[in-house]
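Structure assessment
In case you want the letters, here they are:
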Amino acid sequence: SLFFSLNLTADCNAVLKALQPIFQEQGMTETVHNWEDHGYLATYIKKNGSFANLRIHPHGLVLVDLQSYSDHTKEREEVDQLLNKVEERMREFFHGNIKRVKRLPAILRGGVIDRYWPTADGRLVEYDIDEVVYDEDSPFQNIKILHSKQFGNILILSGDVNLAESDLAYTQAIMGSGKEDYTGKEVLILGGGDGGILYEIVKLKPKMVTMVEISFAPNIDQMVIDGCKKYMRKTCGDVLDNLKGECYQVLIEDCIPVLKRYAKEGRMFDYVINDLTAVPISTSPEEDSTWEFLRLILDLSMKVLKQDGKYFTQGNCINLTDALTLYEEQLSRLYCPVEFSKETVCVPSYMELY
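Nothing here was measured: the structure is a model prediction, and the numbers come from that model.

1. Quick word on the pattern of salt bridges
Enumeration over the complete set of coordinates arrives at 17 salt bridges. Linking Glu 186 and Arg 267 is a salt bridge whose minimum nitrogen-to-oxygen distance equals 3.8 Å. Of this pair, Glu 186 sits in strand 13 (residues 186-191) while Arg 267 sits in the loop between helix 7 (255-265) and strand 17 (269-275), placing them 81 residues apart in sequence. Put simply, Lys 203 and Glu 200 hold a salt bridge, and the shortest N to O gap is 3.3 Å. Using a relative accessible area of 16% as the deciding quantity, one classes Glu 200 as buried. Several salt bridges share partner residues, and in doing so they unite Glu 87, Arg 91 and Arg 103 into one network.

2. Quick notes on empty space enclosed by the protein
Throughout the structure, instances matching the rule amount to one cavity of 30 Å³ or more. Quantified by volume, the largest cavity comes out at close to 120 Å³. Contributing to the lining of the largest cavity are 13 residues, with Lys 46, Ser 50, Leu 66, Val 79 and Leu 82 lying nearest its centre. Elements with a contribution of two residues or more to the lining of the largest cavity: strand 4 (51-57), strand 5 (61-67) and helix 2 (73-94). Residues belonging to the lining of the largest cavity are distributed by class as follows: six nonpolar, four polar and three charged.

3. Re the nonpolar core
Grouped together as the largest cluster of nonpolar side chains are 47 residues, with contacts concentrated most on Leu 198, Ile 201 and Ile 273. Residue contacts for Leu 198: discarding those within four places in its chain leaves Ile 189, Val 209, Met 211, Val 239, Tyr 248 and Val 250. Counting 26 residues, the second-largest nonpolar core is a separate cluster that includes Leu 190, Leu 294, Leu 300 and Tyr 327.

4. A look at the packing of aromatic side chains
Scanning all chains against the criterion turns up nine aromatic pairs. Aromatic side chains Tyr 182 and Tyr 271 sit 4.4 Å apart centroid to centroid with 40° between the ring planes, which places their arrangement in the tilted category. One end of the pair, Tyr 182, is in the loop between helix 3 (168-174) and strand 13; the other, Tyr 271, is in strand 17, with 89 residues separating them in the sequence. By the burial criterion, Tyr 182 is buried, and Tyr 271 matches it.

5. Let's talk about the sheet that holds strand 6 (residues 98-103)
On the basis of which strands lie adjacent, the open sheet formed by six strands has the order 2-3-4-5-1-6 and antiparallel pairing. Two strands lie at the open edges of the sheet, namely strand 2 (29-34) and strand 6, each paired on one side alone. Within this sheet the neighbouring strands show an average axis-to-axis angle of 10°, counted without direction. Looking at chain direction, strand 1 (residues 2-6) and strand 5 are connected through four bridges and run antiparallel. Within strand 5, the position partnered with Phe 3 by the bridge is Leu 63. The sheet contacts of helix 1 (residues 12-24) involve strand 2, strand 3 (40-45), strand 4 and strand 5, and relative to strand 4 the element is tilted by about 160°. Relative to strand 6, helix 2 is tilted by about 180°, and along the sheet it contacts strand 1, strand 5 and strand 6.

6. Let's talk about the layout of surface pockets
A probe as big as a water molecule, rolled over the atoms, marks out the empty space that is left. The volume enclosed by the largest pocket comes to roughly 1400 Å³. Around the largest pocket, the lining comprises 41 residues; the ones closest to its centre are Tyr 311, Phe 312, Phe 340, Ser 341 and Lys 342. It is strand 18 (residues 305-313) that contributes the most residues to the lining of the largest pocket, eight residues altogether. Along the lines of polarity and charge, the residues of the lining of the largest pocket split into 21 nonpolar, 12 polar and eight charged. Residue lining of the second largest pocket: 29 residues in total, with Ser 68, Ala 106, Ile 107, Leu 108 and Arg 109 positioned closest to the centre.

7. Focus: the packing of helix 8 (residues 290-303) against helix 9 (residues 321-331)
When two helices pack together, you describe them by how their axes are tilted relative to each other and by the distance separating the axes. The geometry of helix 8 relative to helix 9 is characterised by a closest axis approach of 10 Å and an angle of 45° between their N-to-C directions. Taken together, the axes of helix 8 and helix 9 lie oblique to each other. As for the relative orientation of helix 8 and helix 9, their crossing is right-handed in sense. Mapping the contact onto sequence places Trp 291, Leu 294, Arg 295 and Leu 298 in helix 8 and Ala 323, Leu 326, Tyr 327, Gln 330 and Leu 331 in helix 9. Across the contact of helix 8 with helix 9, the residue classes tally to seven nonpolar, one polar and one charged.

8. Quick look at the domain arrangement of the chain
For the chain, the domain assignment lists domain 1 (2-103) and domain 2 (168-332). Domain 1 and domain 2 are separated by 53 Å when their C-alpha centres are compared.

9. Let's talk about the sheet that holds strand 14 (residues 208-213)
In space, the six strands of this open sheet follow the order 15-16-14-13-17-18, with mixed pairing throughout. Strands with a single pairing partner mark the edges of an open sheet, and in this sheet they are strand 15 (244-245) and strand 18. Its contacts with the sheet put helix 8 on strand 13, strand 17 and strand 18, and the angle it makes with strand 18 is roughly 145°.

10. So, unusual backbone geometry
Backbone geometry places His 95, a non-glycine residue, at a positive phi of 45°. Along the chain, His 95 turns up in the loop between helix 2 and strand 6. Of note in this structure, Lys 205 is not a glycine but carries a positive phi near 60°. The residue Lys 205 is located in the loop between helix 4 (196-202) and strand 14 in this model.

Reading guide: rules and limits
Every chain is numbered on its own, with residues counted from 1 as its sequence reads. Note on the predicted model: pLDDT of at least 70 is required for a residue's local features to be given, and 80 or more for side-chain atom pairs to be given and counted; whole-chain, interface and lining totals, by contrast, use all residues. Remark: hydrogens and water are excluded; side-chain values derive from all non-hydrogen atoms of the structure. A pair is scored as a salt bridge if a Lys or Arg side-chain nitrogen falls within 4 Å of a carboxyl oxygen belonging to Asp or Glu. For helices the rule is a DSSP run of H or I covering at least 4 residues; for strands it is a run of E covering at least 2, with both sets numbered from the N terminus onward. Only protein chains enter the accessibility calculation, which uses a 1.4 Å probe; a residue whose area is less than 20% of its type maximum is buried, one above 50% is exposed, and one in between is partly exposed. Only protein atoms enter the calculation, which uses a 1 Å grid: trapped sets of points that fit a 1.4 Å probe without letting it out are cavities, open sets showing protein on both sides within 12 Å along at least five of seven lines are pockets, and any residue with an atom within 4 Å of a point is a lining residue. Grid points are joined across faces, edges and corners, and a volume is the space filled by probe spheres set on the points. Charged residues are taken to be Asp, Glu, Lys and Arg, nonpolar residues to be Ala, Val, Leu, Ile, Met, Phe, Trp, Tyr, Cys and Pro, and polar residues to be all remaining types, Gly included. In this text, buried Ala, Val, Leu, Ile, Met, Phe, Trp, Tyr and Cys residues form a nonpolar core when linked through side-chain atoms within 4.5 Å. In this analysis, two residues are considered to be in contact whenever any of their non-hydrogen atoms come within 4.5 Å of each other. Put simply, two rings from Phe, Tyr or Trp (the six-membered ring, in Trp's case) pair if the centres are within 6.5 Å, and we call them stacked under 30 degrees between planes, edge-to-face over 60, tilted for the rest. Strands qualify as paired when DSSP identifies two bridges or more between them. Structural elements are reduced to axes, namely lines fitted to C-alpha atoms, with helices fitted over the stretch in contact, and the angle between N-to-C directions of any two is expressed from 0 to 180 degrees. Working definition: roughly parallel below 35 degrees, roughly antiparallel above 145 degrees, roughly perpendicular at 65 to 115 degrees, and oblique for all remaining angles. Handedness of a helix crossing follows the sense of rotation of the near helix relative to the far helix, less than a right angle counterclockwise being left-handed and clockwise being right-handed. An automatic or database domain assignment supplies the start and end points of every domain.

Okay, here's the thing in structure tokens:
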């Protein structure tokens, strides 16, 4: 793709005539649409199925998009040459009246390996994915583990980048950024199916860590655990090899009934760490919306947290200020008053501040 932003209005017909010879030299068939006040759209089609769209807007924006299906280096070179000719001709034609020229790299569509994933605030990021390591569907979500040259293996749940082997910063932040002493403490982890939090806390000699992985269908989250213990070992180590260890246990259960049971039994924890999915998967009748679900989890967590205990959870992308404000509002609706603080960290594979 190539676009030009002009310092003046564009004579659409004149721009079209200036660029036509470049496409005609390629033996491309031309079709032109003219919308008077809305400019021109010209399409150019080659015999091999490659095509170009030339969109000329009267206010001074000219767009050129080329699409082709080929793995040949020669064809890619031909596309670059054509774009070079268009840019050269535009500069000649407008004699310095081009405010900005921008060329975008090719987007590869329909490949076996999907390299494009959205950030939390809706920007499209291209990753250096070179291998599909694991790809399975559960009744509720798709589970992928893809390999990135710079981030290692990346866990992606239903299109949402969850965690990569590079993302120790995320795990450390949700544990308190090294400021907490977990020695001899009772810890409850909600979610955390990648095993990263469990692995790091077990190193710190706690009394007991209980990890509750949500489960609304047979093996749904067991599949996440199975994938991670095989392909995310830099993140989880060996803690997922067994669901019980010397100072930890993993429960494949719905966390809401578990929290209610613990509250009824009077079981209390020094730390509760909520690493549930950003958009929770739940069939609970108590959930009318995501926010009500989150508030329910918060309320129940407070009931099992010691008076001097701490609750850690993920926030969101720093650009989603409205969502972050909404979350903070939930904290004032809890049955008990709480104090809270927040920290911003860079999570490598998210390519954004979180």
